[in-house]
Amino acid sequence: MRYSELCETYEELEKNPSRLKKTEILAEFLKKLKNEKDKQIIYLLKGRIYPDYDERETGISNQLVIKSLEKSTGTDNKEIVKSWKKIGDLGLVAEQLIKGKKQHTLSHHDLSVEKVLENLQKLPALEGKGTVDKKLGLISELLTSATPIEAKYIIRTLLGLLRIGVGDGTLRDAIVWACLEKENKENYIAVQDAYDKSTDFAIVFEKACKGIKALHET
């Protein structure tokens with residue numbers, strides 16, 4: 001799946017404060033995700049890269065993000081910090097930088113969601129000598145291929161500041177709407193029970209795709 005498809009969903013979620021509308025948007029995205037092999041993509045809908053029970057974080061600070069933007073766009077560190085202080089959102093700063101006059105120096109090709117998730121999931125495991133450079137490499141690899149909107153959400157995900165307002169309850173309902181009969185209250189209970197047992201929306205979603213019987217076997 002192209003990362004741009006996920007970012008379009010992020011944009012729609014951010015624009016619509018209504019929980020009902022968010023559920024509709026998520027359900028439409030999950031219908032597409034049914035056909036994807038890697039169901040872990042669902043973690044990114046909450047701005048996470050692992051299941052909820054997994055406490056590992058990307059370990060990326062604001063300063064490291066600034067360094068990665070400097071490396072991938074050729075923009076001076078002081079200029080990035082100035083924009084950040086003015087805007088207050090490094091995701092928006094990244095979006096502006098990629099839009100800027102230096103974007104012709106960036107090598108662009110379509111990013112896949114799988115590639116974004118793969119790079120982000122490598123970050124917590126990095127330690128020891130050369131860790132900072134390795135992290136910068138993984139982040140810059142994504143940013144140099146990203147569109148402005150993709151850059152915004154890559155940075156927000158790295159910092160744990162996705163800002164799209166998706167909670168567990170909304171995602172649970174969206175799974176029902178995408179995979180099961182949404183008028184049946186028992187389906188919501190089954191999805192919630194499956195999540196309570198696994199604390200892993202990828203597992204719950206995969207089971208729900210197979211039907212209510214598979215959910216009860218979670």
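Treat the numbers as computed from the prediction; the structure is a model and nothing was measured.

What is the right way to look at the side chain of Asp200 in this model?
Position of Asp200 relative to the elements: it lies in the loop between helix 10 (185-198) and helix 11 (201-210). For the buried Asp200, no salt bridge exists, and the shortest N-O distance to an oppositely charged side chain is 9.1 Å, to Arg48. Ignoring sequence-local partners within four residues, the contact set of Asp200 consists of Tyr43, Pro51, Tyr53 and Tyr195.

Looking at this structure, I do not really get the nonpolar core. What am I missing?
Across soluble globular proteins, you tend to see nonpolar side chains buried next to one another. Of all hydrophobic cores here, the largest spans 71 residues; its most connected members are Tyr3, Tyr10, Leu30, Ile42, Leu69, Ile155 and Ile175. For this core, the element with the most residues is helix 9 (residues 168-179), which contributes 7 residues. Apart from the residues lying within four places of it in its own chain, the contact partners of Leu69 are Gly74, Ile80, Leu90, Val93, Ala94, Leu97, Leu143 and Ile155.

Help me out: how do you make sense of the pattern of salt bridges in this one?
Side-chain pairs of opposite charge can arise where the charged atoms are in close proximity. Overall, the coordinates contain 16 salt bridges when judged by the stated rule. For the salt bridge of Lys31 with Glu28, the shortest nitrogen-to-oxygen distance reads 3.1 Å. Of this pair, Lys31 and Glu28 both sit in helix 2 (residues 19-33), 3 residues apart, which is roughly one turn of the helix. On the basis of relative accessibility, which here comes to 37%, the residue Lys31 falls in the partly exposed class. With its nearest N and O atoms 3.0 Å apart, the salt bridge here joins Arg163 to Asp89. Taken together, the residues Arg163 in the loop between helix 8 (148-159) and helix 9 and Asp89 in the loop between helix 4 (77-87) and helix 5 (90-99) connect sequence positions 74 residues apart. Connected through salt bridges with shared partners, the residues Glu14, Asp89, Arg156 and Arg163 form a single ionic network.

Just checking my understanding: could you explain the packing of aromatic side chains for this structure?
Aromatic rings considered in pairs are described by the distance between their centres and by the relative angle of their planes. Inspection of every chain in the model, using the stated rule, returns 2 aromatic pairs. Taken together, a centroid distance of 4.8 Å and an interplanar angle of 40 degrees make the contact between Tyr10 and Tyr153 tilted. Remark: Tyr153 occurs in helix 8 and Tyr10 occurs in helix 1 (residues 3-15); sequence separation between them is 143 residues. Using a relative accessible area of 0% as the deciding quantity, one classes Tyr153 as buried. Between Tyr195 and Phe201, the ring centres sit 4.4 Å apart and the planes meet at 20 degrees, which makes this aromatic pair stacked. The pair formed by Tyr195 and Phe201 is uniform in burial state, with each residue classed as buried. Over the ring of Tyr50 we find Arg56; its NZ or CZ atom is 3.8 Å from the centre of that ring. If you follow Lys182 out to its NZ or CZ, it ends over the ring of Trp177, 4.0 Å from the centre.

Honestly, unusual backbone geometry in this entry has me stumped. Any pointers?
With the exception of glycine, most residues fall at negative phi, and the peptide bonds are largely trans. In the Ramachandran plot, Arg163 falls in the positive-phi region, its phi being about 65 degrees despite a non-glycine side chain. The exposure class assigned to Arg163 is partly exposed, which follows from its relative accessible area of 45%. We note that Thr199 has phi near 50 degrees; this positive angle belongs to a residue other than glycine. Mapping Thr199 onto the fold places it in the loop between helix 10 and helix 11.

Looking at this model, I keep getting lost on helix 7 (residues 131-143). Mind explaining?
Since the α-helix turns once every 3.6 residues, residues separated by three or four places project in the same direction. When the terminal C-alpha atoms of helix 7 are compared, their 18 Å separation across 13 residues agrees well with the 18 Å that a helix rising 1.5 Å per residue should span. Elements that come into contact with the buried residues of helix 7 comprise helix 3 (62-73), helix 5, helix 6 (113-122) and helix 8.

Calculation criteria
The written sequence of each chain sets the order in which its residues are numbered from 1. Confidence filtering applies because this is a predicted model: local features only for residues at pLDDT of at least 70, side-chain atom pairs given and counted only at 80 or more, and all residues used for totals across whole chains, interfaces and linings. Note that the side-chain values use all heavy atoms of the structure and ignore hydrogens as well as water. In this description a helix means any DSSP run of H or I spanning at least four residues, a strand means any run of E spanning at least two, and both kinds are numbered starting from the N terminus. Type-normalised accessible area, obtained with a 1.4 Å probe on protein chains alone, sets the label of each residue: buried when under 20%, exposed when over 50%, and partly exposed for intermediate values. His is not counted here, nor are the chain ends, while Lys and Arg score as positive and Asp and Glu score as negative. Any Lys or Arg side-chain nitrogen found within 4 Å of a carboxyl oxygen on Asp or Glu counts as a salt bridge. Contact criterion: two residues are considered in contact whenever any of their non-hydrogen atoms come within 4.5 Å of each other. Only buried residues count toward a nonpolar core, which is a set of Ala, Val, Leu, Ile, Met, Phe, Trp, Tyr and Cys residues joined through side-chain atoms within 4.5 Å. Paired rings are identified among Phe, Tyr and Trp, the last through its six-membered ring, by centres lying within 6.5 Å, and are further divided according to the angle between planes into stacked (under 30 degrees), edge-to-face (over 60) and tilted (the rest). Look at NZ for Lys and CZ for Arg. If either is within 6 Å of the ring centre and within 35 degrees of the ring normal, a charge sits over the ring. Multiplying 1.5 Å by the residue count of a helix minus one yields the expected span of that helix.

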